[in-house]
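# Secondary and tertiary structure notes
Spelled out from the first residue to the last, the chains are:
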Amino acid sequence: MTTLFCIVLLLLQATTRKCFADFNLIDRIRATVTTSQSSIFAPINNPQDFNSRKAIDGLQNYSIDHCKCCSVTNGASPSWWQIDLGQKYLLGGLQIFGRATKDESQLEYAEVYASNVSMKPGKAAYKMKVYDVPSMNASTRNFTKQLDAIIAQYFLVELNQEVLTLCEFKLNEKECKVGYFGSGCLHSCHCSDNNRCDQVTGTCRTPGCLAGWKGEACPEECYHRKFDIGCNKMCHCKDNTSCDHISGHCDTGLCDPGWLLPSCSQACGHRRFGQDCTSVCHCLYNTSCNTISGECHNGICDPGWQTPSCDKACDFHTFGFNCSSTCHCLNNTNCNSTTGECGIGMCDPGWQGSSCDQACDHRSFGLNCSSTCHCLNNAACNGTTGNCVLVLCDSGWQGPRCDQVCDYRAFGYNCSSTCHCLNNTDCNSSTGRCYIELCDFGWQGPRCDEEKNILRRSDVLTDMSSTFLNWTSNLAIDGSIGPKPDVCNCCSGTKNSLISWWTVDLGKRYPINSVTVFSREFDQLYQQLADFELYLANDTGKNSFHLVENSTRRIDGNKHVLTFSNKLTRFIKIQRPGVLTLCEVMVSEGECQVGTFGEECSEICHCADDLACDKTSGYCQSDACKSGWIGKSCNQECPKNRFGDRCSETCFCAEGTCTSNYGVCQNGCQQGYTGFHCNQVGDFNNHTRPANEEKNSSALIAVVIGGSIAVLIICVLVGVVVVKLRRKSSEGNKSHYSTPNSRANQDDQDYDTLDILNDNQGRRHTTYQNEVVSNM
């Protein structure tokens, strides 16, 4: 029985080999191909019985136990078998054979892949699945798959289990019809005489291509704009389009710009260019242009025409050479492209000139540039809208265009400051000075924008002896005058005590001359402010507070005003026996002692004619200082060896320097100088004179002495006149300003904190000393 079965298998094998011998590529190249597999099922007696080449040995016997003609793996999953054909082939089909025994699962559902690189696991390679082995049974052991003319060098059979049995693997080589090659026979080759080309590469087997084709395989048409045999001819087709690669006829039927039909080989004539040479260039001085682009050789167009080809009139709103100028005509109308003149004769806002190409002048804007903006620091504004570039206006102006005067009682930069002139009158919108030169109650300063009440414009600390309910000490400076503390909760109040007091620390010393206190309503009945006493101090030491005695007290309803001479003060105390209720306390700043300024009036100024200086900057009201002093605040003493008005005089003292005011040298003059100020050159050489000259000399001396006396008398008289004129002129040249009203009451007896220690009469100035309040 076994012998008979083997004879049947051999007959089937012979028949199968004959059927597939005509198309099996592997039969032809078996000696050059290589195979591999994931593992080998290796019996002990003969380990190579089931190696990878068994699958291409040409034997289609399904019984691996008898023929030992199949490839079998026995290892990790997945298992695989691969064949390398040695080169790429154009293939049209494959046939795969499994074993004839019960183990159909050793091939069924295997996947077959094709690639041009090795597909062994672990190698990154592109692979294309070409076949899925279906389910197998006893009657179905081999399968044939038609391939759509694929090009491949490697085939991989892969099964997702440990054992893969492949008894035979066959490939059918494909041949395309003449003129085609490659995958799917989709690529064309154009070999001379219509010879067949290589089916994989397309290389012509005989040299030479048909007309219009190039390359080894003749698969490519002639390069762009080339044609004929060898692609040796060139066509000039419109827009760089191609021509027929065989005949050279342009696809569009038109030539490139700059060329004429019919041959597209003749260039355009003078001042002609472009498609069919129909365009005209307008180059300056009638010069020619490039026949293709139309660009003028001199690079300049006639006025009214624009580059690059000078064949197009200027765009809207442009004119002149190369259309490089722009006109801005009213309502967006156009201008003459040559001259730039507007058709309606008017310019857009922000522009001027006959061609409306000149922007408005500095700080002007609008139609005909007739409006003016007032931008900060003389900056320019937008010529069309008038909007300031920095969005800031000059002092006294407002609005986006800075062309509107400040509103009523507003002044300064962007009108951000407010003046408080008497009776609600207006002030200068730029400087803020009140036209009537008087401020509303509670305001002061040259612009009436400074609150007189020191407590409302500085950080102060309040305290009191006790607190009734929630009537805390700070409510006395909240800006509300009450007068009903139960309703407004705006008054400070203490409990009943032998002595009740309220204090405020101004933070630093101020010159003050008035304190205003508001009582609660019906205080005549409550008696919670009556007969209060005011104390001032400059420190918080024991016995530092002193009663203000020489004051004027004025009562108007619930308003109590105490006025006194200027006092340099930091701490203020209000006290009385019993309950103390204060609805508001105001402290008015006074003036520094004449000749002082700055923080706590501690700086000294030396203005001419003993006039006051600005209490903040120290600047004198005129440019004139006392003799011996210079600087805007007149607080810089003359440098060494200088004296007099503006330190303009020079002295030459023997030792040290002279007094800065009168130039007096304390220890005489340097040798060679004489005079009251040691600034006159003298003659100290001793000469021996002849006897007969003694008499003449005596006479000459008498004449000189007499003349000197006369000159001295004249000088004295002139000096008197000059002094009177100077005193008079001080009311004009040096005193053209108005002295602050506060100075009218500021004699030496009216200011309690300053002593004048220098009368400026020939002695060096010394600084003023502030007297502490405790000495009042």
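Every value quoted in this text rests on a predicted model; they were computed, and no experiment measured them.

## A look at the overall build of the protein chain
The helix and strand inventory of the protein chain stands at six helices and 51 strands. Across the 776 residues that make up the protein chain, the buried fraction comes to 41%. In the protein chain, 49% of the contacts between residues at least 6 apart in sequence involve partners at least 24 apart.

## With respect to the side chain of Q106
In this fold, Q106 is placed in the loop between β3 (79-97) and β4 (111-115). Judged by its relative accessible area of 12%, Q106 is buried. Only 2.6 Å separates the side chain of Q106 from the side chain of T165, close enough to count as a polar contact. Excluding anything up to four places from it in sequence, Q106 contacts R99, L159, Q161, V163, L164 and T165.

## Looking at unusual backbone geometry
Of note, the amide linkage connecting S77 to P78 takes the cis form, showing an omega dihedral of 0°. For P78, the position within the fold is in the loop between β2 (71-72) and β3. In this structure, P483 follows G482 across a cis peptide bond, with omega equal to 5°. Residue N331 is not a glycine yet carries a positive backbone phi of 60°. Along the chain, N331 falls in the loop between β22 (325-326) and β23 (351-352).

## Observations regarding the nonpolar core
By size, the foremost hydrophobic cluster in this structure holds 32 residues, and its most contacted members are L85, L91, I96, F155, V157 and F169. Broken down by secondary-structure element, the contributors of at least two residues to this core are α2 (25-29), β3, β4, β5 (128-132), β6 (142-159) and β8 (168-173). By size, the runner-up hydrophobic cluster in this structure holds 26 residues, among which are L506, L580, V585 and V587.

## Observations regarding the state of the cysteines
As enumerated under the stated definition, the model contains 34 disulfides in all. Residue C237 pairs covalently with C250 via a disulfide, S to S 2.1 Å. As the torsion about the S-S bond is roughly -85°, the C237-C250 disulfide counts as left-handed. Of this pair, C237 sits in the loop between β14 (233-234) and β15 (259-260) while C250 sits in the loop between β14 and β15, placing them 13 residues apart in sequence. Of the residues examined, C237 reaches a relative accessible area of 0% and is grouped as buried.

## Describing the side chain of S500
Mapped onto the elements of the fold, S500 is located in strand β35 (residues 500-518). Within the local environment of S500, its side chain forms a polar contact with the side chain of T494, the two groups lying 3.2 Å apart. A polar contact of 3.4 Å, which involves the side chain of S500, links it to the backbone oxygen of K495. In this structure, S500 is in contact with S465, T494, K495, I574, Q575, R576, G578, V579 and L580, ignoring residues within four places of it in sequence.

## What to know about the pattern of salt bridges
Overall, the coordinates contain 20 salt bridges when judged by the stated rule. Residue D394 is joined to R363 by a salt bridge in which the shortest nitrogen-to-oxygen separation is 2.8 Å. Placement of the pair is D394 in the loop between β26 (371-372) and β27 (397-398) and R363 in the loop between β24 (358-359) and β25 (364-365), with a sequence separation of 31 residues. With relative accessibility at 15%, the residue R363 sits in the buried group. The salt bridge partner of R447 is D449, with a shortest N-O separation of 3.6 Å. Among the residues examined, R447 registers a relative accessible area of 31% and is labelled partly exposed.

## Quick word on a nonpolar patch on the surface
On the surface, I344, M346 and L367 cluster together to form a nonpolar patch covering roughly 240 Å² of accessible area. Tracing the sequence through the fold places L367 in the loop between β25 and β26. Judged by relative accessible area, which is 37%, L367 ranks as partly exposed.

## Thoughts on the environment of C197
The topology assignment puts C197 in the loop between β10 (187-188) and β11 (213-214). For C197 and Y180, which are 17 residues apart along the polypeptide, the C-alpha to C-alpha distance reads 7.5 Å. If sequence neighbours within four positions are ignored, C197 has contacts with Y180, F181, C189, C191, G202, T203, C204 and R205.

## Re the packing of aromatic side chains
Aromatic rings in a pair are described by how distant their centres are and how their planes are angled relative to each other. Scanning the entire structure with this criterion turns up six aromatic pairs. The interplanar angle of 50° and the centroid separation of 5.3 Å between the aromatic rings of W81 and F169 together place this pair among those described as tilted. Here W81, found in strand β3, pairs with F169, found in strand β8; they are 88 residues apart in sequence, far enough to count as distant. Considered together, W81 and F169 belong to a single accessibility category, that of buried residues. Between the aromatic rings of F545 and F571, the centroid separation amounts to 6.5 Å while the plane-to-plane angle is 75°, which identifies the pairing as edge-to-face. Separated by 26 residues along the polypeptide, F545 in the loop between β36 (533-537) and β37 (546-547) and F571 in strand β39 (residues 559-576) bring together distant segments of the chain.

## Some thoughts on the confidence of the model for the protein chain
Averaged over every residue, the pLDDT of the protein chain is 81; residues scoring 70 or more account for 83%. Here residues 684-704 scores under 50 on pLDDT; set against residues more than four positions off or in separate chains, the count is four contacts. Counted against residues more than four places away or in other chains, residues 720-776, with its pLDDT under 50, gives 110 contacts.

## Digging into the environment of G682
In this structure, G682 sits in the loop between β49 (680-681) and α6 (692-729). Distance from G682 to Q671, taken between C-alpha atoms, is 8.4 Å for residues 11 residues apart in sequence. With residues near it in sequence (within four places) discarded, G682 still touches G672, Y673 and T674.

## Notes on the pairing of β3
On a regular strand, each side chain points to the face opposite its neighbour's, so the side chains alternate between the two faces of the sheet. Burial analysis of β3 places 16 of its 19 residues in the buried class, which makes it a mostly covered element. In this sheet, β3 lies alongside strand β1 (residues 34-37) in antiparallel orientation, the contact comprising four bridges. Residue pairing in the sheet places T34 in a bridge with D84 of β3. Examined bridge by bridge, β3 and β6 share 14 bridges and lie antiparallel to one another.

## Details of the environment of D311
Its location among the elements puts D311 in the loop between β19 (305-306) and β20 (312-313). Placed 10 residues apart in sequence, D311 and C301 show a C-alpha to C-alpha distance of 8.8 Å. If sequence neighbours within four positions are ignored, D311 has contacts with F273, S279, V280, H282, W305 and Q306. Within polar-contact distance, the side chain of D311 engages the side chain of S309 at 2.5 Å.

Criteria and cut-off values
Sequence order as written defines the numbering, with residues in each chain counted from 1. Where local features are concerned, this predicted model is filtered to residues with pLDDT of at least 70; where side-chain atom pairs are given and counted, the filter is 80 or more; whole-chain, interface and lining totals use all residues. Side-chain numbers here rest on the full set of heavy atoms in the structure, without hydrogens or water. Secondary structure elements are taken from DSSP: a helix is a run of H or I of four residues or more, a strand is a run of E of two residues or more, and numbering for both begins at the N terminus. Whether a residue is buried, partly exposed or exposed follows from its accessible area with a 1.4 Å probe, protein chains only, as a fraction of its type maximum: under 20%, in between, or over 50%, in that order. Should any heavy atoms of two residues lie within 4.5 Å, those residues are considered in contact. Polar contact is the term for a pair of N or O atoms within 3.5 Å; when the atoms are in protein, one must be able to donate a hydrogen and the other to accept it, and sequence-neighboring residues count only if both atoms are side-chain atoms. Among the buried residues, those of types Ala, Val, Leu, Ile, Met, Phe, Trp, Tyr and Cys that are joined through side-chain atoms within 4.5 Å form a nonpolar core. Disulfides are defined as cysteine sulfur pairs within 2.5 Å. Counted as salt bridges are all cases of a side-chain nitrogen of Lys or Arg within 4 Å of a carboxyl oxygen of Asp or Glu. Within the patch definition used here, like charges are joined within 9 Å and nonpolar side chains (Val, Leu, Ile, Met, Phe, Trp, Tyr) within 5 Å, considering only residues with over 30% relative accessible area and no salt bridge. Computed by Shrake-Rupley with a 1.4 Å probe, the accessible areas treat only the displayed protein chains as cover when residues are assessed. Centres within 6.5 Å make a pair out of two Phe, Tyr or Trp rings, where for Trp the six-membered ring is used; the pair is then stacked when the planes are under 30 degrees apart, edge-to-face when over 60, and tilted otherwise. Here pLDDT means the predictor's own confidence in every residue, given as a number from 0 to 100. Note on pairing: two strands pair once DSSP finds at least 2 bridges between them.

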